[in-house]
Amino acid sequence: MTMKKLLALILTLVIALSLTACGGETEEEPAPEDENPATEEDAGGEDRVFKVGVCTRAFSSPWQTYCYDVMRSLAEEHPDIELDFQDGQEDANVQVNILQTFIEQEKDLVVVFANQTDTLTAAVNQVVDAGIPVINTQGYVGDGANILTFVGCDDYDNGWGQGQVLHELLEKDGKTDSAKIILIQALLGTTYTTDRTAGLEAYIAENMPGVEIIAYEPCDNDNAKTVTAMQNLLTRFPAGEVDAVVVQGPHDCVAAANAAIDAGRDELFGKFVAMDYATTVEEAIKDGRLYGTVDQDPGLYAEKTMELIVGYLHGDITELEDQYMLEFPIVTQENIDEYGPAGWD
């Protein structure tokens, strides 16, 4: 064999071995992980389940728990969305711990019902910095929080609405120029109590300047505290010195009205204005113990919040508004027969 033929044979063998080793194919690089929360399947090909952490205000509030129950019910229509409700216990420190736990659990989305404005701003931003978007519902976190959106109402407007109900009541009695009223407040230090008080005061100043709030009594939306406070107030202000009572809650308003009845203060029958439209409030308006209320329907909060959760995670909503403000009607003895029944208690 000549040298040229030997070299040609060796070259042919080298080329053949190279083709065999490569198999004639190029190995593809793995596709980059999809960062869109609307990805339908995980790496294993199984249906994805979105984990949503819900930092609540408190499990002790009937209004709050009804809102959470409606959210749970609506979530049943979306088996790929898992809601994890944690009790905020009306305590900012507890809520901060809950948010930190949600970061550790790597939730896909977090919903926050803040107790007080500006107390959770840093904690919420830590959640966002961890790559977890946040929807804020009902209690506003604060202007410095990098939330997706806020679902809520203006509690100043709710206080204003209580002023409208009060105005209607006092107008019937011809006392819009001279009435003296008692305000039983909710939980001092909370944003909703502060704003509702400011809204009521503003309405009175603008529309009934002769009306005077003769006592402010914080009772934490607690029925027992409200009854005790009402008993003391009735002793302090005899018959003829109080024309109406405004209460910043539902059940505590009914408790206050019942305390007046038990004390024999018949002149105050039907002179109570509530906040929220629970079943007990509906019954008390119908039987005349209360005059009216502002229907801050917790079901509306739940429906709007779930609409945004589902739309965002499924990719159906790509741009959210800065806020979604809900408006609530007033219910009085004048329109309750045409109004729908209360959905919670």
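S.K.: Explain the packing of aromatic side chains to me, and be specific about the residues and the numbers.
M.R.: Counted according to the given criterion, the structure contains eight aromatic pairs. Consider the rings of W160 and Y203, whose centres lie 4.9 Å apart with planes at 85°: the pair is edge-to-face. Here W160, found in helix α5 (residues 155–173), pairs with Y203, found in helix α6 (residues 191–207); they are 43 residues apart in sequence, far enough to count as distant. With a relative accessible area of 8%, Y203 lands in the buried category. Considering the side-chain rings of Y277 and Y339, the 5.4 Å spacing of their centres and the 85° angle between planes classify their relative orientation as edge-to-face. With Y277 in the loop between β9 (272–273) and α9 (279–286) and Y339 in the segment after β12 (330–332), the pair connects residues that are 62 residues apart, well separated along the chain. Put simply, the rings of F59, Y68, F85 and F113 pair up and form one aromatic cluster. The ring of F85 has R72 sitting right over it, with the charged end atom 4.2 Å from the ring centre.

S.K.: Hey, could you go over the environment of E267 for me, with residue numbers and the actual values?
M.R.: On the secondary structure map, E267 appears in the loop between α8 (251–262) and β9. Exposure remark for E267: the relative accessible area of 31% places this residue in the partly exposed category. Spatially, the C-alpha atom of E267 lies 8.0 Å from that of G240, the residues being 27 residues apart in sequence. Apart from residues lying up to four places away in sequence, E267 is in contact with A239 and G240. Polar side-chain contacts of E267 include one of 2.6 Å to the side chain of R265.

Rules used throughout
- Residues numbered from 1 in each chain as written.
- Predicted model: local features only at pLDDT ≥ 70, side-chain atom pairs only at ≥ 80, totals over all residues.
- Heavy atoms only, no water.
- Phe/Tyr/Trp six-rings, centres within 6.5 Å; stacked < 30°, edge-to-face > 60°.
- Helix = DSSP H or I, 4+ residues; strand = E, 2+ residues; numbered from the N terminus.
- Buried < 20%, exposed > 50% of the residue type's maximum accessible area, 1.4 Å probe, protein only.
- Lys NZ or Arg CZ within 6 Å of the ring centre and 35° of its normal.
- Contact = heavy atoms within 4.5 Å.
- Polar contact = N/O pair within 3.5 Å; in protein donor to acceptor, adjacent residues only side chain to side chain.

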